[in-house]
Amino acid sequence: MSASMHDERLLAREHTYTSLSDKVGELALRPNGRLWFIAFICSLLLTLLFVAGVGELLAKGVGIWGINIPVAWAFALINYVWWIAIGMAGTFISGALYLARQKWRSSLNRYAEAMTVFAVSVSGLFPIFHLGRPFFFYWVAPYPNRMAVWPQWRSSLVWDFLAIVAYLLVSIMFWYVGMLPDLGSLRDQARTRGKQIFYGLLALGWRGEARHWKRFESLNLLLAGLAVPLVFSVHSMVALDFSEGLVPGWHSTLFPPFFVAGALFSGFAMALALGIPMRRWLGLGDIITPKHLDNLAKMMLAAGLFVAYNYAVEFFMAYYSGDPYEITEVRDRLVGPYAWVFWTVVFCNVLAPQLLWSPRIRRNTVALFVISLLVLIGMWFERFMLIVNSLFRPHLPSSWGMFYPTLWDLIFLFGSVGLFFFMFTLFVRWLPIVATFEMRKLIHELKESG
Amino acid sequence: MAKEQKRYGCMAFFETPEALVEAVRSVRTAGYADTEAYTPFPVEELDEALGISSTSVPLATFAGGAIGFVGMLVMQYIAAVVNYPIRVGGRPFASWPAFIPAALEVTFLLAATGGVLAMLMGNRLPKFYHPVFNVQRFERASQDGFVLVVRMEEGDTSRLRQMLQGLGAVQVDEVSV
C-alpha cells in the first residue's frame, strides 16, 4: 500500500473494537507519565499566577491594569473574545460536522468539545473581572430582588451574559452526555476499586442497552442541531457588544459574521495546536491520522480567507461611508501608533495561512503546528486592533490617549492560558479523550463498506 | 442459596453485531418478546429487531424550547412594561425586536436541558445497580461484546439456552437479581 493511500484513512486498518477500547482506556487508566506531570506542573504554576492576579484585582480593583479613559476596554475584553472564539471549533466539529455526517469528526470531537468547555469557562471570567465590583456580577441576571430592579433587556451586555451562560451549560451537557458510554467503558476496564467507583459514578450506570442508545442518538442529533445555531448566535452577541456602540470601527453590521468567521479560524487553530502534540505524545497517530490534520487545516484556511475578506471590507466600508472618524480609524490601523499590531495581524492571519494551499504543508505536522500558533497569536492581536485601535482616538482629539499594558495585564493573559491548560491536562489524564463508541461505529461502518 | 435467588433472565454473548441482530430476531420469533440487547455502540438494526418505538426525547426538547422562548418573552414584557417601565428616547416599552436575543438564548438552553432530562429519565439513569452487572463477562458489553438478555424470571431455561447456543452465542449465563 502506498503512503498516500495510507494517509487517506480515518483510522489505522488494524484497529478492532477490542484494540481501540484498550488503547483509549489505557490512556486514562495507566499511571501518570513524566511528560504529563511536567505539563501539569507548568500549567498549575501559571494557574496559581492567575489566582494571585485575581487576588490583587479583588483587593485593589481594575486600576492594576493599564486601562483608563479613553481605552477602558483592553486586555480583559481582548482575552474574553479570544477565549470564547477558541471554543467555537469544538461546537462546530461536534455539531455541524455531525449534521453533515462527516465521519472524520469522530476522532476529534471529544477533545474539541473539552476545548470548548474549558475555553468558554476561562472566557466567562474576564467580563466578570472587568466589572469593577466582580462580586455583583449576578446583578445582570434576572432574579427576584428587594431592589425590584430588572436587567436592561435592550442592552447587548445582557444578551451576551445569557449567551455565555447558555453556551457554557449546553456545551457541558453535550460534552458530558456524549461521554457517558465511554465512562461506562472505563468503569468496566478499571481494575482498582477506587477507579471503578470513580468512573462508575460518572457513568451514571450506563449499560448500552438498545433503548438507551436510541434515546442517546436521538438526543445527540437534537443537541447538534441546537448547538450550531447557538454557537452562531453566541459569536453574534459578542459582536453586538461592539457594534451596538457608536464607536468608529465598531458600529457596523459586518461584525456578527466577521466574529463568527474569526471564531472558527482561531478555534480550528487551537484544535490543531492541541491535536498535534496529543497525537505525538499520547501515540494517537493511528486515531488522529494525517487525513484529520489535513481536513482541519483546510477548514482553518477557509475560515482564514473569510476573515481576510472581512479585513478588506472594513477598509472599503470606512471609505465608502465617507465618515471622517471611520476613515481616521482605519488610517490609524495602517500608519498609526498601533500599526505594528495591524501588520502582525496581516502576517499571522492573512499571509501565513496561505501556505496551507500546499498539501505538503498540510501533511507536515511541524509546519501546521507553527501556523496554528501564529493564527492564535494573530487572532489575539486582531482583537487588540479592533478594541484598542477603535478606542484610543475618540471623536474629540483632546481625549486621545495611548494604552500601555501593565504586568498584571500580562499575568491575566498568560495565567488564563495556564488555567485552560490546567483543565485540559486533567481532562487528558482522567477522561476518555476519544469518543470510543463512535470509533467502534466507524470500524463497523468501514468493515461493512469493505 | 440458589433456590431462593430470583432470576432476571438469560444472557448470551455474541461476537458481532450482525449475529446479535439475527439472534434478537430469532428469539423474538420464537416467542420470547421481552428481550434486551446491549452493544458497545449504537446498532441501528436493533431498533427494528427489538420493536423499539420512537422516544420522547424530541418532544421534551421541543417543550423545553417552547417554555424557554415564551417564558423569556413574557418575563421581559412583565419587567419592561408592567413592573419597571422606563421611557428612553420615546421608544416603546415592549421593544419586541430587542427581546428576541435573550429569548433565543434561553430557548437553546431549556431545549437542551429538556432533551437531556428526557434521555436520562427515559433510560432510568442514574441507576448504579442493575442485575446484568452481576455477570462478570458483561463488562465486555461496553467494549467489544454484543449481549442479548432474554427476560425469564422462572421456569426451565434449558430450551432457551440451547436455542441461544444454536444461534452462535459464545457463552450463555443465567442472570440473578
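Computed from a prediction, not measured in an experiment: that's the story for all the values here. (Residues numbered from 1 in each chain as written. Chains lettered and ligands numbered in written order. Predicted model: local features only at pLDDT ≥ 70, side-chain atom pairs only at ≥ 80, totals over all residues.)

## What to know about the overall build of chain A
Helix and strand content of chain A: 17 helices and zero strands. By the compact-globule yardstick of 22 Å for 450 residues, chain A fits well, its C-alpha radius of gyration being 23 Å. Projecting the C-alpha coordinates of chain A onto the three principal axes gives extents of approximately 70 × 60 × 40 Å. Looking at chain A residue by residue over its 450 residues, the buried ones come to 50%. Contacts in chain A between residues at least 24 apart in sequence constitute 81% of all its contacts with a sequence separation of at least 6. (Helix = DSSP H or I, 4+ residues; strand = E, 2+ residues; numbered from the N terminus. Rg over C-alpha atoms; globule rule 2.2 N^0.38 Å. Buried ≥ 20, exposed ≤ 12 C-beta atoms within 10 Å, placed from the backbone. Contact = placed C-beta atoms within 7 Å.)

## Thoughts on the overall build of chain B
Broken down by element type, chain B carries five helices and four strands. In chain B, the succession of helices and strands from N to C terminus is β-α-β-α-α-α-β-α-β. Rg of the C-alpha trace for chain B: 26 Å, well past the compact-globule value of 16 Å for 177 residues, more than 25% over. Over its C-alpha atoms, taken along the principal directions, chain B stretches across nearly 85 × 35 × 30 Å. Split into buried and exposed, the 177 residues of chain B put 40% on the buried side.

## Examining the nonpolar core
Among the nonpolar cores identified, the biggest contains 191 residues, and Ala74(A), Val170(A), Phe268(A), Ala271(A) and Met300(A) are the most heavily contacted of them. Per-element accounting of this core gives the leading share, 18 residues, to helix 9 (residues 210–243) of chain A. Structurally, this core is a two-domain feature, drawing no fewer than three residues from each of domain 1 (7–52 + 129–176) and domain 2 (57–122) of chain B. Beyond its immediate sequence surroundings of up to four residues, Val170(A) is in contact with Leu226(A), Ala227(A), Leu230(A), Phe108(B), Leu109(B) and Ala112(B). (Core = buried A, V, L, I, M, F, W, Y, C linked by C-beta atoms within 7 Å. Domains from an automatic or database assignment.)

## Examining the domain arrangement of chain B
For chain B, the assigned domains are domain 1 (7–52 + 129–176) and domain 2 (57–122). On a C-alpha basis, the centroid separation for the pair domain 1 of chain B and domain 2 of chain B is 45 Å.

## Here's the deal with the pairing of strand 1 (residues 7–14) of chain B
All names here are of chain B. With seven of eight residues buried, strand 1 lies mostly within the body of the structure. Direction of pairing for strand 1 relative to strand 4 (residues 171–176): antiparallel, over a ladder of six bridges. For arginine 7, the partnering residue across the bridge sits in strand 4 and is serine 176. Bridge count for strand 1 against strand 3 (residues 146–151) is six bridges, and the pairing is antiparallel. Note that in strand 3 the partner of cysteine 10 across the bridge is valine 150. (Pairing = 2+ DSSP bridges.)

## As for unusual backbone geometry
Between Ile69(A) and the following residue, Pro70(A), the backbone shows a cis peptide bond with an omega angle of 10°. Following the sequence through the fold, Pro70(A) ends up in the loop between helix 3 (34–60) and helix 4 (75–86). Backbone torsion omega between Leu125(B) and Pro126(B) reads -5°, so that peptide bond is classified as cis. Mapped onto the secondary structure, Pro126(B) falls in the loop between helix 4 (96–122) and strand 3. Notably, Ala148(A) is not glycine yet its phi reads approximately 55°, a positive angle. Relative to the elements of secondary structure, Ala148(A) occurs in the loop between helix 6 (109–129) and helix 7 (156–189). For Ala148(A), a count of 8 C-beta atoms within 10 Å corresponds to the exposed category.

## Here we look at the interface of chain B and chain A
Counting from both sides, the interface comprises 50 residues of chain B and, opposite them, 48 residues of chain A. Contributing elements (two or more residues each) for the side of chain B that touches chain A: strand 2 (35–38), helix 2 (44–50), helix 3 (57–83) and helix 4 of chain B. Among the elements that take part in the side of chain B that touches chain A, helix 4 of chain B stands out by supplying 15 residues, more than any other. Of the residues in the side of chain B that touches chain A, the class split is 32 nonpolar, twelve polar and six charged. (Nonpolar A, V, L, I, M, F, W, Y, C, P; charged D, E, K, R; others polar.)

## What to know about the packing of helix 2 (residues 17–29) of chain A against helix 17 (residues 436–449) of chain A
For any two helices packed against each other, the geometry is given by the interaxial angle and the distance between the axes. Residues and elements named next belong to chain A. At a minimum axis distance of 10 Å, the contact between helix 2 and helix 17 shows a crossing angle of 160°. Classified by the angle their axes make, helix 2 and helix 17 are roughly antiparallel. Where helix 2 crosses over helix 17, the handedness of that crossing is right-handed. Note on element contacts: helix 17 touches helix 2 through Thr436, Met439, Arg440 and Ile443, opposite Tyr17, Leu20, Ser21 and Val24. When grouped by side-chain class, the residues that make up the contact of helix 2 with helix 17 number five nonpolar, two polar and one charged. (Axes fitted to C-alpha atoms, helices over the stretch in contact; angles between N-to-C directions. Parallel < 35°, antiparallel > 145°, perpendicular 65-115°, else oblique. Left-handed = near helix turned anticlockwise from the far one by under 90°.)

## A few points about the sheet that holds strand 2 of chain B
Residues and elements named next belong to chain B. Judged by pairing direction, the sheet is antiparallel, and its four strands sit side by side in the order 2-3-1-4 without closing on themselves. Looking at which strands have only one partner, the edges of the open sheet turn out to be strand 2 and strand 4. Mean inter-strand twist for the sheet, computed between neighbouring axes without regard to direction, equals 20°. Here strand 2 runs beside strand 3; their pairing, made up of four bridges, is antiparallel. Looking at the pairing, alanine 37 lines up with leucine 148 of strand 3. In the packing of helix 1 (residues 17–29) onto the sheet, contacts are made with strand 1, strand 2 and strand 3, and the angle to strand 3 comes to roughly 15°. Helix 5 (residues 158–166) rests against strand 1, strand 3 and strand 4 of the sheet, and its axis sits at about 15° to strand 1.

## Considering the packing of helix 9 of chain A against helix 3 of chain B
One way to put it is that helix 9 of chain A packs onto helix 3 of chain B with a least axis distance of 9 Å and a crossing angle of 35°. Between helix 9 of chain A and helix 3 of chain B the crossing geometry is right-handed. Along the contact surface, helix 9 of chain A presents Arg215(A), Ser218(A), Leu219(A) and Leu222(A), while helix 3 of chain B presents Val57(B), Pro58(B) and Thr61(B). For the contact of helix 9 of chain A with helix 3 of chain B, the class distribution of residues is four nonpolar, two polar and one charged.

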